[in-house]
Amino acid sequence: MRNKVAVTGLGLISPIGNSVDTAWAACRSGQSGIGPITRFDPSRLKSRIAGEVKGFELPAMVAAKEAKKMDLFSHYAIAATRQALDDAGLAITDDNADDIGVSLGVGIGGQLAMEKNINLAGDKGPGRLSPFFIPMMLPNMAAGQISILFGSRNYAACTLSACASSNHAIGEGMRLIERGDAKAMIVGGTEAALTEVCVGGFAAMKAVSTRNDHPQQASRPYDRDRDGFVFAEGAGVLILEEMAAAQRRGAPIYCELAGYGFSSDANHISSPTVEGPARAMKMALDDAATAPADIDYINAHATSTPAGDINELRAIQTLLQSNGQRVSISATKSMTGHLLGAAGAIEAVISIKALQNNFVPPTINIDNLDAQCHLDVTPNEGRERDLNTVLSNSFGFGGTNASLVFKRLA
């Protein structure tokens, strides 16, 4: 018999706010976090807009000298973790450190450090490279730094599976608790790859929006005139605990993380199938002992790409069959932009807040609904609705798919 898994804490650094409450208020009211790129000069790029994190401050627990040895994606993860642990009221001590681990998803990793040091080596030679370059760049260092700073001594690793990274990382943390290998897990994802090379690379694929004159309207899943996703950054962290242990310590419990499903399209690096995402969702529901008819809300992966948005809706329809019309769907990337490897973590937090508040956030910027969209995608305005079971999707390059099921406690 496997252990049940509770979600007891949440933390968020995002383009729509640097706390869970701030971000949820923005999401609930349909506020966009997209604007012109200010982090560097984007004038050479076709896409000059992004979901930047604004007003970020690293927790005081990180000394300035140590902060310089880390890339920004680690900073975001540490800040979100501090929030989540405080929210859960979970202190890591010598008595419990061996039972607490870290599982983070990262899509790219230390891109800022990578580009800075490549340019430095080109200009002045490899002898001028920073001795901290490699550990700043390595994607697993966010998990490593969290383990070091907070003192957790269980599992500490990183999942890299493109834009599905966070959901896979959260699912792995869930499995560790279910099997009894950990009592609590710090899980989620982080990304800070907003650089000229990264944005330019996605632009070369024609994957990102070039609606530069109207940034807040650029991310528009399901709209007929969508032209690609909007690059974004941030981090989301959840505290998972073994349910009985969380209840014994009187922890605040948001919900149960009840199901995790995954699949591979085994088709193409960037052309998804309908069957693959449908199979991941079905596996997550089976894992949660939940029928498709019991889903109330789906936070969709929908990134605002012409093919991807509709493909996911077809997968949802394949899964739900005649129940498709009763399910509420929203694409909150319309507000946050696409956080790549951190997307699933941000959307897991939003899904949990939706469940907690019985409120479906909107998909904004739908001026002309795509004629191929036949399901309820909550256009432009959120709505109150009784929610008991929600599903959150993340799909990534290479055909990798991951879905999570969160359930209200009975």
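Structure: above.
Quick caveat: nothing in here was measured; it's all calculated off a predicted structure.

> Explain the packing of helix 7 (residues 165-178) against helix 13 (residues 343-357) to me, using residue names and the numbers behind them.
Interaxial distance between helix 7 and helix 13 falls to 5 Å at its minimum, and their mutual angle equals 65°. It follows from the interaxial angle that helix 7 and helix 13 lie roughly perpendicular. Where helix 7 approaches helix 13, its residues Ser166, Asn167 and Ile170 are matched on the opposing element by Ala343, Gly344, Ala345 and Ala348. Looking at side-chain class alone, the contact of helix 7 with helix 13 contains four nonpolar, three polar and no charged residues.

> Break down the pattern of salt bridges for me, citing the residues and quoting the values.
In the structure shown here, the tally under the stated rule is 23 salt bridges. The salt bridge involving Glu275 is made with Arg279; its shortest N-O contact spans 2.5 Å. With Glu275 and Arg279 both in helix 10 (residues 275-287), this residue pair falls four residues apart, about one helical turn. The partly exposed category is assigned to Glu275, whose relative accessible area is 45%. Looking at Arg279, the relative accessible area reads 37%, which means it is partly exposed. Its salt-bridge partner being Asp296, residue Arg326 comes within 3.2 Å of it at the nearest N-O pair. Note that Arg326 is positioned in the loop between helix 11 (306-320) and strand 10 (328-330) and Asp296 in the loop between helix 10 and strand 9 (297-299), a separation of 30 residues in sequence. For Asp296, a relative accessible area of 7% puts it in the buried group. Salt bridges sharing partners connect three or more residues here, namely Arg2, Arg175, Glu178 and Asp287.

> Describe the pairing of strand 1 (residues 5-13), with residues and values.
Of all nine residues that make up strand 1, nine are buried, and the element is covered over most of its length. Where strand 1 lies against strand 7 (residues 234-242), eight bridges are found, and the strand directions are antiparallel. Each bridged residue has a counterpart across the sheet, and for Ile13 the counterpart in strand 7 is Ala235. As defined by bridge partners, strand 1 adjoins strand 8 (residues 255-264) across two bridges and the pair is classed as antiparallel. Paired with Ala6 across the bridge in strand 8 is Glu256.

> Describe the nonpolar core, and please don't skip the residues or the numbers.
Counting 45 residues, the largest nonpolar core has Val7, Leu10, Leu238, Leu240, Leu257, Ile352 and Phe406 as the members making the most contacts within it. The dominant element in this core, judged by the number of residues it contributes, is helix 13, at eight residues. Beyond its immediate sequence surroundings of up to four residues, Val7 is in contact with Leu238, Ile239, Leu240, Pro252, Ile253, Tyr254, Cys255, Leu257, Ile352 and Phe406. Residues Phe73, Ala77, Leu90 and Ala192 belong to the second largest nonpolar core, which totals 33 residues.

> For helix 3 (residues 72-88), give the residues involved together with the corresponding values.
In this model, helix 3 (17 residues) spans 25 Å end to end at C-alpha, consistent with the 24 Å of a helix rising 1.5 Å per residue. Of all 17 residues in helix 3, 13 are buried; the element is thus mostly enclosed.

> Residue-level account of helix 11, with values.
Helix length check: helix 11, at 15 residues, gives a terminal C-alpha distance of 22 Å against a target of 21 Å (1.5 Å per residue), a fit within 8%. Asp309, Ile310, Asn311, Glu312, Leu313, Ala315, Ile316, Leu319 and Leu320 are the residues of helix 11 that are buried. Looking at the buried side of helix 11, the elements it contacts are helix 10, strand 9, strand 10 and strand 13 (389-396). The positive-phi residue at the C-terminal boundary of helix 11 is Gln321, with phi of around 55°.

Conventions we followed
Residues numbered from 1 in each chain as written. Predicted model: local features only at pLDDT ≥ 70, side-chain atom pairs only at ≥ 80, totals over all residues. Heavy atoms only, no water. Axes fitted to C-alpha atoms, helices over the stretch in contact; angles between N-to-C directions. Helix = DSSP H or I, 4+ residues; strand = E, 2+ residues; numbered from the N terminus. Parallel < 35°, antiparallel > 145°, perpendicular 65-115°, else oblique. Contact = heavy atoms within 4.5 Å. Nonpolar A, V, L, I, M, F, W, Y, C, P; charged D, E, K, R; others polar. Salt bridge = Lys/Arg side-chain N within 4 Å of Asp/Glu carboxyl O. Buried < 20%, exposed > 50% of the residue type's maximum accessible area, 1.4 Å probe, protein only. Pairing = 2+ DSSP bridges. Core = buried A, V, L, I, M, F, W, Y, C linked by side-chain atoms within 4.5 Å. Expected span 1.5 Å × (residues − 1).

The quantities given are spatial measurements derived from coordinates; they are silent on function.
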